[in-house]
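# Summary of structural features
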Amino acid sequence: MSAEARPGQGVGARVPRKEDARHLHGRGLFVPDMMLPGQREVAFLRSPLAHARIAAVRKPPGSEGRVFVRGDMPEVLPIVAPSTLPTFKLSEQHHLAYGKVRFVGEPIACCVGRTRAEAEDLAEQVEVDFEELPALVDAHQARLDPSIRVHEEWSDNLYLTLQLDNGFDECSKKADVVVKREIELSRQSMNPMEGKGTLAVWDDRANQLVLHSSSQTPHLLRVGVARFLRLNEEQVRVIAPDVGGGFGYKCIVFPEDLCVAWLALKYRKPFRYVEDRREHLVAGANSRQHHYNLTAYASKEGRLLALDAEVTIDGGAYSNWPFTIGLEPGQATGNLPGPYDFRGYRVKTYCVATNKPGFLPYRGVARTGVCFAMELMIDAIARAVNRDPYEVRLQNLVRPEQMPYDNVARKHYDSGDYPRALRMAREKLDVEKWRERQKRGEPDKRIIGIGFASYCEQSAHGTSVFAAWGLPMTPGYDQAAVRLTAGGGLEVRIGVQSHGQGMETTMAQLAHQVLGIDVARVQVVHGDTGTTPFSTGTYASRSMVMSGGAVVNACRELIPRFVRIGAHLLKAPEADCRFENGAVIAPSGSVSLKDIAEAWYMRPERLPENVDRAGLEASVAFKPKRDTGAFSYASHAVAVAVDPETGQVEILDYVVVEDCGTLVNPMVVEGQAIGGIAQGIGTALYEEQQYDANGQPNASTLADYLIPGPTEIPAIRIFHIESPSPYTEFGMKGMGEGGAIAPPAVIFNAVNDALRPLGVEVRDTPLTPEKLLDAIERAKAVPKREAA
Amino acid sequence: MKPAAFDYMRPRDVGEALKALRGANGEAKPIAGGQSLGPMLNLRLARPKLLVDVSRIDSLKEIKDEGDAWRIGACVTHAQLEDKALPGCELLAHVARRVAYRAVRNRGTVGGSLAHADPAADWPLVLAALDAVVRVAGPAGSREVRADAFMTAAFTTVLADDEIVESVRVPKPGAGARWGYYKFCRKTGEFPEAAAALLLDPERRTARLFAGALDRPPQPLDGVARAVAQEGTASADMIAAALARLAPGLGPAARKLRVTAVQRAILQS
Ligand SMILES: Cc1cc2nc3c(=O)[nH]c(=O)nc-3n(C[C@H](O)[C@H](O)[C@H](O)COP(=O)(O)OP(=O)(O)OC[C@H]3O[C@@H](n4cnc5c(N)ncnc54)[C@H](O)[C@@H]3O)c2cc1C
């Protein structure tokens with residue numbers, strides 16, 4: 001992989017991750033590893049039906065104090081997640097089903113045992129009488145027919161409808177060609193390696209409820225648990241230990257969290273719930289399912305002039321707290337235009353309630369869907385005007401001289417050279433080589449195809465963006481607290497949480513960049529509301545820009561304090577001293593941070609009476625100069641081989657050219673990209689939770705819900721461009737989500753390139769062999785015609 | 001996903017295992033590698049009162065050369081067959097290497113695979129094509145069942161509750177024999193969507209071709225096998241027609257995939 005690594009340990013250096021050693025040695029500490037005296041395990045009886053009224057629940061005899069239903073926990077408030085978006089309707093989710101069940105897997109009763117097996121034994125014995133209701137499985141049907149409703153107090157099944165029209169009529173009038181497509185993504189589970197899990201303990205000494213929780217957003221979880229359990233926040237502490245991936249799944253308050261918290265409060269004992277894979281696949285199938293009806297208006301050269309879109313998002317049964325069901329449609333509506341320069345846009349986005357698990361924001365949040373839709377459209381336009389999709393894409397991208405660029409959905413693209421990334425991707429893939437091979441034909445009769453996809457990604461968007469969505473929380477300033485230790489090392493406290501992103505390393509690199517302290521001597525503390533400053537947490541590719549920016553500023557805050565003490569120790573005037581490479585330097589000599597720390601903490605007799613009392617600790621809040629987001633972008637390019645006899649798609653080469661501004665650690669950036677791409681390949685080719693007409697999910701184990709493994713992920717070649725953001729510290733941009741955005745688009749475009757001679761164009765994920773074979777067989781059955 | 005409570009015992013020999021099974025009146029199950037039974041227990045789809053662990057019985061772990069055949073103990077693991085080429089039966093190592101992935105192969109056994117009777121599994125298909133014979137031990141002694149008759153329906157075999165698989169006898173094909181084995185998996189280590197196994201043994205005048213990964217036991221495509229033996233090939237239409245007869249109800253894509261698997265097994269031979 002390319003990026004010329006910068007030497008040293010600061011910004012741009014390929015510093016190996018500090019957190020790897022413990023994980024490679026199996027010495028991480030995750031919630032499922034924890035074992036406290038008297039700990040009890042919790043299992044849930046979950047709804048076997050998608051939609052039903054609960055007529056009666058009978059607990060097994062002798063189960064007092066071990067089986068709980070909603071009515072046993074009157075103190076717990078229902079989860080309600082309001083949004084100020086127009087037309088938004090509220091859903092009320094009780095921590096245990098109340099009156100009705102609304103999806104298969106919804107928790108009904110909470111069962112306690114000494115072991116998980118014992119708790120499951122109990123759950124099996126709870127009897128429930130259901131009056132089954134027709135299940136709403138298809139979002140279109142649920143939208144059009146309000147006679148059956150997920151939430152009966154509503155007038156229909158719509159969480160909300162968003163509309164936007166900016167110059168559509170005027171621009172669409174000028175079009176030479178009109179291209180229509182229907183495009184669809186399947187429903188997915190996020191599948192972090194570790195599912196959700198919470199161990200709740202009452203701490204008598206601290207007079208606190210302590211939740212050890214696999215969370216991306218410990219501070220938000222604390223706010224939420226306090227709110228829904230009617231506690232004061234001081235009474236709640238959330239500690240996220242090692243967390244085995246999040247991807248958006250772990251940034252909300254779960255009903256299960258409220259149950260174990262309530263149990264710990266009531267019985268003053270540790271209670272733990274750990275989600276298993278079956279629960280995750282069934283009750284956690286909550287993302288990606290979008291449907292698009294798109295009409296593109298273009299010139300005869302393929303210049304996109306206007307886009308008309310109808311987007312339907314299958315929102316599932318409940319709106320989550322605090323991100324709400326509004327986030328996904330909001331993001332879809334705002335991000336569909338992608339990295340393209342056009343001026344006419346009309347969109348109507350429906351977010352529909354169905355009898356499925358409630359939608360959550362999955363890595364890429366809506367952008368995987370909109371990128372898929374938009375990129376398939378660009379290729380479709382190219383076909384309609386009979387040009388190379390690469391050329392059409394190139395001529396439609398926002399050009400560098402247009403930066404900063406306010407797009408048709410009023411997004412503000414801060415910087416970058418989008419066409420350059422695409423040109424580089426084409427060159428690195430070596431398109432001529434593949435075209436040659438495609439023409440020659442493969443000895444094994446497989447068909448070669450190549451594809452491109454480009455996207456830009458709003459990252460680290462802040463107050464103004466979130467305030468417009470009107471969620472229960474709006475991120476503002478992120479704080480970092482830094483402290484020089486008595487030994488001259490540094491402690492850095494951040495309110496975000498690192499769960500695979502390598503922040504224990506990259507945050508230390510930022511501190512090193514400012515203070516010159518060895519990365520090994522920088523201790524990054526995160527994930528504990530008791531010891532870190534407030535932050536809304538890790539999501540939306542925000543941690544590096546926001547929390548990292550705060551770390552940089554907090555470190556800078558210490559420098560004048562070092563100089564003041566250093567000057568005194570050196571007996572030099574302050575004006576003659578400067579801070580450099582971890583030392584205060586005067587013409588007469590220098591003192592190290594260790595000397596300064598020693599003087600402040602252990603040898604105050606060396607300091608004057610009028611010493612600066614600010615000390616060697618600083619807490620600083622930060623937000624970027626502009627909070628509309630730092631836009632990362634990338635172009636992906638792939639070559640695939642399609643086996644028309646089996647429907648199998650093999651990725652032969654995968655190239656990424658990405659720009660996330662200034663790279664803090666290229667190795668970490670590449671790791672994030674590769675992980676995201678693996679998930680994106682899952683979206684493209686494997687992952688799908690299907691439902692039958694009764695709302696029963698078809699997949700409940702990984703034998704039925706396929707996720708790609710190591711042999712399905714090709715060697716990915718990543719190249720970097722660095723266009724610093726004008727708004728952030730060091731010009732960094734967020735990039736944690738990007739990898740997961742483009743793979744479905746680029747893979748489908750490549751497959752469609754391969755199958756064009758057969759008259760096949762596929763447009764719905766996942767691209768299973770069966771689907772592809774069906775499409776090929778169907779195309780054979782009808783006389784060939786060019787899809788337009 | 002934790003199993004319901006069960007008792008566990010580890011018999012020293014086949015006799016003790018059979019006694020334990022008989023004593024449990026159908027409420028016991030043998031367990032070998034646990035790679036199929038384990039998930040079933042966890043999902044509580046199987047709820048035996050007693051597990052009889054046959055995996056440590058030495059006599060079930062032997063691989064013996066019987067001259068014209070190899071005898072493979074029921075508890076021989078896929079990994080053992082992967083690591084040890086059996087002269088004359090090289091196909092076994094080839095197949096073993098493609099069962100699941102190594103962690104599963106380290107524990108999963110040939111006998112367990114036959115007894116579990118997943119129609120998509122490798123051994124039921126391959127052993128049928130190789131004309132193997134399964135030796136079953138029961139209260140009244142041992143009996144022999146042809147591998148192609150062992151599975152009677154998906155996840156159903158001729159085994160009674162108080163019987164176990166003891167070994168499989170795999171005849172060594174004659175000199176000049178050729179084989180083909182093709183399975184189509186969506187990803188490495190997954191059960192196949194389509195599979196076919198072919199043995200052409202001119203010396204013994206046999207040609208055996210089976211299609212697997214159906215909703216029923218592996219199906220013999222005798223006519224196609226004869227055509228291949230005589231003409232070296234068979235048409236896609238012929239294969240499709242045979243499959244339509246033996247496994248009706250396949251949709252166009254599913255049929256196409258299975259035809260491809262058969263064609264590719266033939267091509268390999
Ligand atoms: C992820 C995964 C992927 C897999 N992929 C494949 C694949 O691609 N191809 C494939 O063929 N298989 C595959 N398998 C299954 C694997 O091969 C198992 O090893 C095999 O199916 C069962 O063998 P076992 O020894 O583990 O049996 P167990 O799980 O211990 O038992 C299975 C059944 O057989 C019975 N049984 C076991 N031994 C005997 C005996 N000696 N006599 C009578 N009954 C017995 C048990 O009572 C039980 O009903 C996969 C398994 C997993 C977990």
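The rules behind each value
Residues numbered from 1 in each chain as written. Chains lettered and ligands numbered in written order. Predicted model: local features only at pLDDT ≥ 70, side-chain atom pairs only at ≥ 80, totals over all residues. Heavy atoms only, no water. Helix = DSSP H or I, 4+ residues; strand = E, 2+ residues; numbered from the N terminus. Rg over C-alpha atoms; globule rule 2.2 N^0.38 Å. Buried < 20%, exposed > 50% of the residue type's maximum accessible area, 1.4 Å probe, protein only. Contact = heavy atoms within 4.5 Å. Pairing = 2+ DSSP bridges. Domains from an automatic or database assignment. Buried area = accessible area lost by both parts, 1.4 Å probe. Salt bridge = Lys/Arg side-chain N within 4 Å of Asp/Glu carboxyl O. Core = buried A, V, L, I, M, F, W, Y, C linked by side-chain atoms within 4.5 Å. Polar contact = N/O pair within 3.5 Å; in protein donor to acceptor, adjacent residues only side chain to side chain. Nonpolar A, V, L, I, M, F, W, Y, C, P; charged D, E, K, R; others polar. Near = heavy atom within 4 Å. Areas by Shrake-Rupley, 256 points an atom, 1.4 Å probe, with all protein chains shown as cover. Axes fitted to C-alpha atoms, helices over the stretch in contact; angles between N-to-C directions. Phe/Tyr/Trp six-rings, centres within 6.5 Å; stacked < 30°, edge-to-face > 60°. Parallel < 35°, antiparallel > 145°, perpendicular 65-115°, else oblique. Expected span 1.5 Å × (residues − 1).

## Considering the overall build of chain A
Helix and strand counts for chain A come out as 19 helices and 32 strands. Against the 2.2 N^0.38 benchmark of 28 Å for 788 residues, chain A shows a C-alpha radius of gyration of 27 Å, consistent with a compact globule. In terms of overall dimensions, chain A has a C-alpha envelope of 95 × 70 × 50 Å along the principal axes. Here chain A holds 788 residues, and 65% of them are scored as buried.

## Some thoughts on the overall build of chain B
The helix and strand inventory of chain B stands at 11 helices and 14 strands. Its C-alpha radius of gyration of 19 Å places chain B within 12% of the 18 Å reference for a compact globule of 269 residues. Each principal axis of the C-alpha distribution contributes one length, and for chain B these read about 55 × 45 × 35 Å. Buried positions account for 54% of the 269 residues belonging to chain B. When contacts within chain B are restricted to residue pairs at least 6 apart in sequence, long-range pairs at least 24 apart make up 61% of them.

## Points about the side chain of His212 of chain A
Residues and elements named next belong to chain A. One can find His212 in strand S13 (residues 208-213). In this structure His212 comes out as buried when scored by relative accessible area, which is 14%. Every residue in contact with His212, bar those within four places of it in the chain, is listed here: Val31, Met34, Gly197, Thr198, Leu199, Val201 and Ile239.

## Points about the pairing of strand S15 (residues 271-274) of chain A
Within a regular strand, the side chains alternate between the two sheet faces. Residue and element names in this part refer to chain A. Across 2 bridges, the pairing between strand S1 (residues 40-46) and S15 is parallel. Across the sheet, the residue bridging to Glu41 is Arg272, located in S15. Pairing geometry for strand S12 (residues 197-203) and S15, over 4 bridges, is antiparallel. Across the sheet, residue Leu199 finds its bridge partner in S15, namely Arg272.

## Focus: the domain arrangement of chain B
Residues and elements named next belong to chain B. Looking at chain B, the domain boundaries give domain 1 (7-52), domain 2 (61-171) and domain 3 (178-268). On a C-alpha basis, the centroid separation for the pair domain 2 and domain 3 is 20 Å. With 27 residues of domain 2 at the interface, the matching set in domain 3 holds 21 residues. Carbon and sulfur atoms make up 67% of the area that domain 2 and domain 3 hide from each other, which totals about 1900 Å². Viewed at the interface, domain 3 and domain 2 are joined by 3 salt bridges.

## A look at the nonpolar core
One broad rule of soluble globular proteins: the nonpolar side chains tend to lie buried together. Residues and elements named next belong to chain A. In this structure, Tyr292, Phe323, Leu336, Tyr418, Val751 and Leu772 are the most contacted members of the largest nonpolar core, which totals 139 residues. At 11 residues, helix H9 (residues 367-384) tops the list of elements feeding residues into this core. In this structure Leu772 touches Val642, Gly647, Val649, Val751, Leu755, Val762 and Leu767, once residues within four positions along its chain are discounted. If you look at the next biggest cluster of nonpolar residues, it comprises 51 residues, including Val15, Leu484, Ile596 and Ala599.

## Here we look at the side chain of Ser113 of chain B
Structurally, Ser113 of chain B can be placed in helix H6 (residues 110-116). Beyond its immediate stretch of four places on either side in the chain, Ser113 of chain B contacts His78, Ala121, Trp123 and Pro124 of chain B.

## Topic: the interface of chain A and chain B
On the chain B side, the residues contacting the 31 residues of chain A number 21 residues. For the pairing of chain A and chain B, the buried interface totals around 2200 Å² over both sides, and the portion due to carbon and sulfur atoms is 52%. Between chain A and chain B we count 6 salt bridges in total. A salt bridge links Arg44 of chain B to Glu124 of chain A, with the shortest nitrogen-to-oxygen separation between them at 3.2 Å. Inspection of the chain A/chain B interface yields 15 residue pairs in polar contact (both at pLDDT 80 or more). With 6 residues, helix H19 (residues 769-781) of chain A is the single largest residue contributor to the side of chain A that touches chain B. Each residue belonging to the side of chain A that touches chain B can be placed in one class, and the counts come to 11 nonpolar, 6 polar and 14 charged.

## Section: the site of the ligand
Residues and elements named next belong to chain B. The full set close to the ligand counts 30 residues, and Pro30, Gly34, Leu37, Thr109 and Asp122 are the nearest of them. Within the contact set of the ligand, a nitrogen atom lies 2.8 Å away from a backbone nitrogen or oxygen of Val165. When the free accessible area of the ligand is taken as 970 Å², the share hidden by the protein chains comes to 92%. Going through the elements one at a time, strand S2 (28-31), H6 and strand S10 (164-171) are the ones with two or more residues in the shell around the ligand. Counting residues per element, the shell around the ligand draws most heavily on H6, at 4 residues. Along the lines of polarity and charge, the residues of the shell around the ligand split into 15 nonpolar, 11 polar and 4 charged.

## Here we look at the sheet that holds strand S6 (residues 133-138) of chain B
Residues and elements named next belong to chain B. Ordered by their spatial adjacency, 5 strands build an open sheet running S4-S5-S10-S6-S7, and the pairing between neighbours is antiparallel. Both edges of this open sheet fall to strand S4 (63-65) and strand S7 (141-146), since each of them pairs with a single strand only. When the angles between neighbouring strand axes are averaged without regard to direction, this sheet yields 20 degrees. Two strands pair when backbone bridges link them, and S6 and S10 are joined in this way by 5 bridges, in the antiparallel orientation. Residue pairing in the sheet places Ala137 in a bridge with Ile164 of S10.

## A closer look at the packing of aromatic side chains
Residue and element names in this part refer to chain A. All chains considered together, the criterion is met by 20 aromatic pairs over all chains. Aromatic side chains Tyr390 and Phe452 sit 5.3 Å apart centroid to centroid with 50 degrees between the ring planes, which places their arrangement in the tilted category. Here Tyr390 is found in helix H10 (residues 389-396), whereas its partner Phe452 is found in strand S22 (residues 447-459), with 62 residues between them in sequence. Each member of the pair, Tyr390 as well as Phe452, is classed as buried. Ring centres 4.6 Å apart and planes at 50 degrees place the aromatic pair Tyr418 and Tyr633 in the tilted group. Residue Tyr418 is found in helix H11 (residues 418-429), and its partner Tyr633 is found in strand S30 (residues 630-642); the two are separated by 215 residues along the sequence. Accessibility expressed as a relative area gives 2% for Tyr418, which makes it buried.

## Some points on the packing of H19 of chain A against helix H11 (residues 252-268) of chain B
Following both chains from N to C, one finds H19 of chain A and H11 of chain B inclined at 100 degrees, their axes separated by 8 Å at the closest point. On the basis of the axis angle, H19 of chain A is roughly perpendicular to H11 of chain B. Facing Glu770, Leu773, Asp774, Glu777 and Lys780 of chain A of H19 of chain A, the residues of H11 of chain B in contact are Pro252, Ala253, Lys256 and Leu257 of chain B. Residues belonging to the contact of H19 of chain A with H11 of chain B are distributed by class as follows: 4 nonpolar, no polar and 5 charged.

## Some details on the pairing of S10 of chain B
Residue and element names in this part refer to chain B. With 6 of 8 residues buried, S10 lies mostly within the body of the structure. Two strands pair when backbone bridges link them, and strand S5 (residues 69-73) and S10 are joined in this way by 5 bridges, in the antiparallel orientation. For Trp70, the partnering residue across the bridge sits in S10 and is Val170.

## Looking at the sheet that holds S15 of chain A
All names here are of chain A. An order of S3-S7-S1-S15-S12-S13-S14 is seen for the 7 strands of this open sheet, with the pairing classed as mixed. Edge positions in the sheet fall to strand S3 (67-68) and strand S14 (236-239), since each has one partner strand and no second. As paired strands, S3 and strand S7 (residues 107-113) are joined by 2 bridges and run antiparallel to one another. The residue of S7 that forms the bridge with Phe68 is Cys110. Against the sheet, helix H5 (residues 218-228) touches S13 and S14, its axis set at about 145 degrees to S14.

## Comments concerning helix H15 (residues 543-570) of chain A
Between its first and last C-alpha, H15 of chain A extends 38 Å over 28 residues, near the 40 Å set by a 1.5 Å rise per residue. Directly after H15 of chain A, the chain includes Lys571 of chain A, whose backbone phi takes a positive value near 55 degrees.

## Here we look at unusual backbone geometry
Residues and elements named next belong to chain A. Cis geometry marks the peptide bond from Trp321 to Pro322; its omega dihedral reads 5 degrees. With respect to the secondary-structure elements, Pro322 resides in the loop between strand S18 (304-316) and helix H8 (327-335). Residue Pro404 is bonded to the preceding Met403 through a cis peptide linkage, with omega at -15 degrees. Here Pro404 is to be found in the loop between H10 and strand S20 (405-406). Positive phi values are uncommon outside glycine, yet Phe730 reaches one of about 60 degrees. Its location among the elements puts Phe730 in the loop between strand S32 (716-721) and helix H18 (743-755).

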